[in-house]
Amino acid sequence: MKNIAVFASGSGSNFQAIIDAVETGELEAEITLLVCDKPGVKAIERAEKHGIPSFVFSPKTYVDKEAFETEILEKLNDAEVDFIALAGYMRLIGPTLLNEFEGKMVNIHPSLLPEFPGKDAIGQALEAGVNETGVTVHYVDNGMDTGPIIEQVAVPVYEDDTQNHVRKRIHEVEHELYPKVLQKLLHPAEVNSN
Ligand code: GAR
């Protein structure tokens, strides 16, 4: 069984989808750590409710990214983590973590990358007036949402849509897609033989 860590900075609805998929057996993995850079957010409650250990920290209490990533790395090693899923972790990953986990760390982003990288991807899409945006799961590299794309799903944008409408549509797609992609990445041979 592979051990995964989920990184989140907010509500953690994607984290919840991963928890649910583990509990139903759709995703064969154990979540051995939540890493969260925002004390007080709902993702932490979700971890507590499901008995998942968490490492919660405030980046501003560290001298730099290397210092907090060094501590994250220790926690990942203690939790024997094999694979990392970023789920709304709103921070660039630095070399301390990338050197250990490149190729074993993925992210979900609410646009059809390379369109609308970075913050507020849904707002960027509405601003651009597109009639389609989407969801991308990609490997993490040292850029802002630039790593190799694994899977993408398109989501329509309608004329009178607000950010909330699009966000809801995107979340529904994300919650279904992310656990499935993680299962494929963690169990590639089984997918091929089916
Ligand atoms: C998700 O929509 C995710 O794609 C996005 O943050 C949201 C987190 O929601 N991530 C990014 O924008 C990364 N650049 P959640 O906390 O409810 O899972």
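Residues numbered from 1 in each chain as written. Predicted model: local features only at pLDDT ≥ 70, side-chain atom pairs only at ≥ 80, totals over all residues. Heavy atoms only, no water.

Engineer: Quick rundown of the site of the ligand? Include the residues and the values.
Structural biologist: Within the structure, the ligand sits among 13 residues, and Gly-12, Ser-13, Asn-14, His-109 and Glu-174 are positioned closest to it. In this structure, an oxygen atom belonging to the ligand sits 3.3 Å away from a side-chain N or O atom of His-171. The set of elements that each furnish at least two residues to the shell around the ligand consists of helix H1 (13-24), strand S5 (105-109) and helix H6 (163-186). In the shell around the ligand, the residues fall into three nonpolar, eight polar and two charged. (Near = heavy atom within 4 Å. Polar contact = N/O pair within 3.5 Å; in protein donor to acceptor, adjacent residues only side chain to side chain. Helix = DSSP H or I, 4+ residues; strand = E, 2+ residues; numbered from the N terminus. Nonpolar A, V, L, I, M, F, W, Y, C, P; charged D, E, K, R; others polar.)

Engineer: Can you break down unusual backbone geometry residue by residue, with the values?
Structural biologist: The omega angle of the peptide bond from Leu-113 to Pro-114 is 10 degrees, so this bond is cis rather than trans. Note on placement: Pro-114 falls in the loop between S5 and helix H5 (121-128). The backbone of Glu-80 sits at a positive phi, close to 50 degrees, despite the residue not being glycine. Locating Glu-80 in the fold gives a position in the loop between helix H3 (65-78) and strand S4 (83-86). Phi at Asp-120 is positive, roughly 55 degrees, even though this residue is not glycine. Here Asp-120 shows up in the loop between S5 and H5. The exposure class of Asp-120 is partly exposed, given its relative accessible area of 46%. (Buried < 20%, exposed > 50% of the residue type's maximum accessible area, 1.4 Å probe, protein only.)

Engineer: I'd like a rundown of the packing of H1 against helix H2 (residues 42-49), residues and numbers included.
Structural biologist: Relative orientation of the contacting elements H1 and H2 amounts to 20 degrees, with a least axis distance of 9 Å. The orientation of H1 relative to H2 falls into the category roughly parallel. Between H1 and H2 the crossing geometry is right-handed. Contacts between H1 and H2 involve Ser-13, Phe-15, Gln-16 and Ile-19 from the former and Ala-43, Arg-46 and Ala-47 from the latter. (Axes fitted to C-alpha atoms, helices over the stretch in contact; angles between N-to-C directions. Parallel < 35°, antiparallel > 145°, perpendicular 65-115°, else oblique. Left-handed = near helix turned anticlockwise from the far one by under 90°. Contact = heavy atoms within 4.5 Å.)

Engineer: Report on the pairing of strand S1 (residues 2-8), specifying residues and quantitative values.
Structural biologist: With six of its seven residues buried, S1 lies for the most part within the structure. Crossover handedness for the path S1 to H1 to strand S2 (residues 29-36): right-handed. With four bridges connecting them, S1 and S4 associate as parallel partners. Looking at S4, one finds that Val-6 is bridged to Ala-85. (Right-handed = clockwise from strand over helix to strand, strands pointing away. Pairing = 2+ DSSP bridges.)

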